[in-house]
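# Geometric and topological summary
Listed here are the chains, written in short residue letters.
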Amino acid sequence: MRGWLNAGTPQIGLTATPYRNVENETRRLRNYYNNNNILSNTMLNENPYEWLYENGYLSEVKFESLTGSQYELTDDEMEEYQRMNGAKIPYSFQNKIVTDTTRNRTIVDSIVNSNFNSTLVFATNTKHAQNLSALLQRNGTKSACIDYNTPMPLRRYHIDQFRQGKLKVLTNVNVFTEGFDAPGIDSIYIARPVFSTINFMQIIGRGLRGPKNNGNKIC
């Protein structure tokens, strides 16, 4: 970027991920803009999220925890988990979550019995996303699953149906973590383990569009 800009030309950087888990990357990003960060701007009362919510740009986040299940890692699973530096859970452990019928029923019942109009579900893996979507359909809730194998024309069709309100629920794994825009989303279900603050922020960010961004007051 600096290669073609004239010397002294003001630069403004906009990012959906204002910090990284690696401190050096965060520092490098801030230094690129002379450490002039909007987060410290007193015009935003030193709390940009609160200011953006109060002015209708972001929706209010209301968290609710559903009753989950207790699991224990086996010695082999713990060894594999440590080998991956805690970034992912072993496939065998994922399978315990995916096949937990009580847990899945809790998720599905919560969605079916809710007053939400547009719900995005982040599942544990592809099989989980497919199973949840099928269970929702069986319970009379219009749903579709999108994963990395979904053909692009079908993916676009499902997304269009979702944006138009013809589908109430989209289930996915990591497809919609970032770069997905559907302002009407009023609920997000995190039905998978999340090990990164950035990843968590990206997930809930799908539902943070406020009224002034054609979104909702509350997510």
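I will try to describe carefully the structure that is included in this document. (Residues numbered from 1 in each chain as written. Predicted model: local features only at pLDDT ≥ 70, side-chain atom pairs only at ≥ 80, totals over all residues. Heavy atoms only, no water.)

### A few points about the packing of aromatic side chains
For clarity, the cut-off: Ring pairs shown here join Phe, Tyr and Trp side chains whose ring centres sit within 6.5 Å, with only the six-membered ring taken for Trp; geometry is labelled stacked below 30 degrees between planes, edge-to-face above 60, and tilted in between. Burial classification: accessible surface area is computed with a 1.4 Å probe over protein chains only, and a residue below 20% of its type maximum counts as buried, one above 50% as exposed, and the rest as partly exposed.
Counted according to the given criterion, the structure contains five aromatic pairs. Here Trp 51 and Tyr 57 contribute two aromatic rings whose centre-to-centre distance is 6.0 Å and whose plane-to-plane angle is 10°, an arrangement assigned as stacked. Using a relative accessible area of 32% as the deciding quantity, one classes Tyr 57 as partly exposed. Between the aromatic rings of Tyr 71 and Phe 93, the centroid separation amounts to 5.7 Å while the plane-to-plane angle is 75°, which identifies the pairing as edge-to-face.

### Notes on the pattern of salt bridges
Our working definition: Note on definitions: salt bridges are taken to be side-chain nitrogens of Lys or Arg within 4 Å of carboxyl oxygens of Asp or Glu. The secondary structure listing takes helices from DSSP runs of H or I that are at least 4 residues long and strands from runs of E that are at least 2 residues long, numbered from the N terminus.
The tally for this structure, following the rule as stated, stands at four salt bridges. As a salt-bridge pair, Arg 83 and Glu 79 come within 3.8 Å of each other at their nearest N and O atoms. Highlighted residues: Arg 83 and Glu 79, both in helix H3 (residues 75–83), separated by four residues, approximately one helical turn. Overall, the relative accessible area of 57% leaves Arg 83 in the exposed class. On the basis of relative accessible area, Glu 79 is assigned to the partly exposed category, the value being 47%. Taking the shortest distance from any N to any O, the salt bridge between Arg 105 and Asp 109 comes out at 3.1 Å.

### Considerations on the packing of helix H5 (residues 101–112) against helix H6 (residues 126–138)
Our working rule: Axis angles are defined between N-to-C directions and span 0 to 180 degrees, where every axis is a line fitted to C-alpha atoms and, for a helix, only to the segment in contact. Working rule for angles: under 35 degrees goes down as roughly parallel, over 145 as roughly antiparallel, 65 to 115 as roughly perpendicular, anything else as oblique. In this scheme the handedness of a crossing depends on how the near helix is turned from the far one: anticlockwise by less than a right angle means left-handed, clockwise means right-handed. Residue contacts are counted whenever heavy atoms from the two residues lie within 4.5 Å of one another.
Put simply, H5 and H6 touch, their axes get as near as 10 Å, and they point 50° apart. With respect to their mutual orientation, H5 and H6 come out oblique. Judged by the twist between their axes, the crossing of H5 over H6 is right-handed. When H5 is examined against H6, the residues Arg 103, Asn 104, Arg 105, Ile 107, Val 108, Ile 111 and Val 112 are found in contact with a partner set consisting of His 128, Leu 132, Leu 135 and Leu 136.

### Observations regarding unusual backbone geometry
For Asn 214, which is not glycine, the phi torsion reads 65° and is therefore positive. When you line up the elements, Asn 214 lands in the segment after helix H8 (197–205). Residue Asn 214 is classed as exposed on the basis of its relative accessible area of 66%.

### A look at a nonpolar patch on the surface
Filter applied, for reference: Within this analysis, patches are made of residues with over 30% relative accessible area and no salt bridge. Like charges are joined at 9 Å or less; nonpolar side chains (Val, Leu, Ile, Met, Phe, Trp, Tyr) at 5 Å or less. Per-residue accessibility takes into account occlusion by the displayed protein chains alone, with areas from the Shrake-Rupley method and a 1.4 Å probe.
A cluster of nonpolar residues, Val 61, Phe 63, Ile 190 and Phe 200, forms a patch on the protein surface that exposes about 340 Å² of accessible area. Structurally, the position occupied by Phe 200 is in helix H8. Residue classification places Phe 200 among the partly exposed positions, given a relative accessible area of 30%.

### What to know about H5
Operational definition: Any helix carries an expected span of 1.5 Å times its number of residues minus one. The directions considered for the arc are those from the helix axis to the C-beta atoms. Identification of polar contacts relies on pairs of N or O atoms within 3.5 Å, with a donor-acceptor requirement for protein atoms, meaning one able to donate a hydrogen and the other able to accept it, and with residues adjacent in sequence counted only if both atoms are side-chain atoms.
Under the 1.5 Å per step criterion, the end-to-end length of H5 is 16 Å for twelve residues, consistent within 8% with the ideal 16 Å. Within the sequence span of H5, burial applies to Arg 103, Asn 104, Ile 107, Val 108 and Ile 111. Looking down the long axis of H5, one finds its buried residues gathered within 130° of arc, a one-sided arrangement. For H5, the exposed residues lying more than 90 degrees away from the buried face are Thr 101 and Thr 102. Lining the buried residues of H5 we find helix H4 (91–98), strand E1 (119–122), H6, strand E3 (169–172) and strand E4 (187–190). At the N-terminal end of H5, a side-chain oxygen is found 3.2 Å from the backbone nitrogen of Thr 102, two or three residues along, and the residue is Asp 100.

### A few points about the layout of surface pockets
Keep this limit in mind: The method works on a 1 Å grid over the protein atoms by themselves. A cavity is a set of points holding a 1.4 Å probe that cannot get out, a pocket is an open set with protein on both sides within 12 Å along at least five of seven lines, and residues with an atom within 4 Å of a point line them. Grid points are joined across faces, edges and corners, and a volume is the space filled by probe spheres set on the points. For this classification, the nonpolar set comprises Ala, Val, Leu, Ile, Met, Phe, Trp, Tyr, Cys and Pro, the charged set comprises Asp, Glu, Lys and Arg, and every other residue, Gly included, is treated as polar.
What the second largest pocket holds in volume is close to 900 Å³. Contributions of two or more residues to the lining of the second largest pocket are made by H5, E4 and H8. Of the residues assigned to the lining of the second largest pocket, the class counts are 17 nonpolar, eight polar and five charged.

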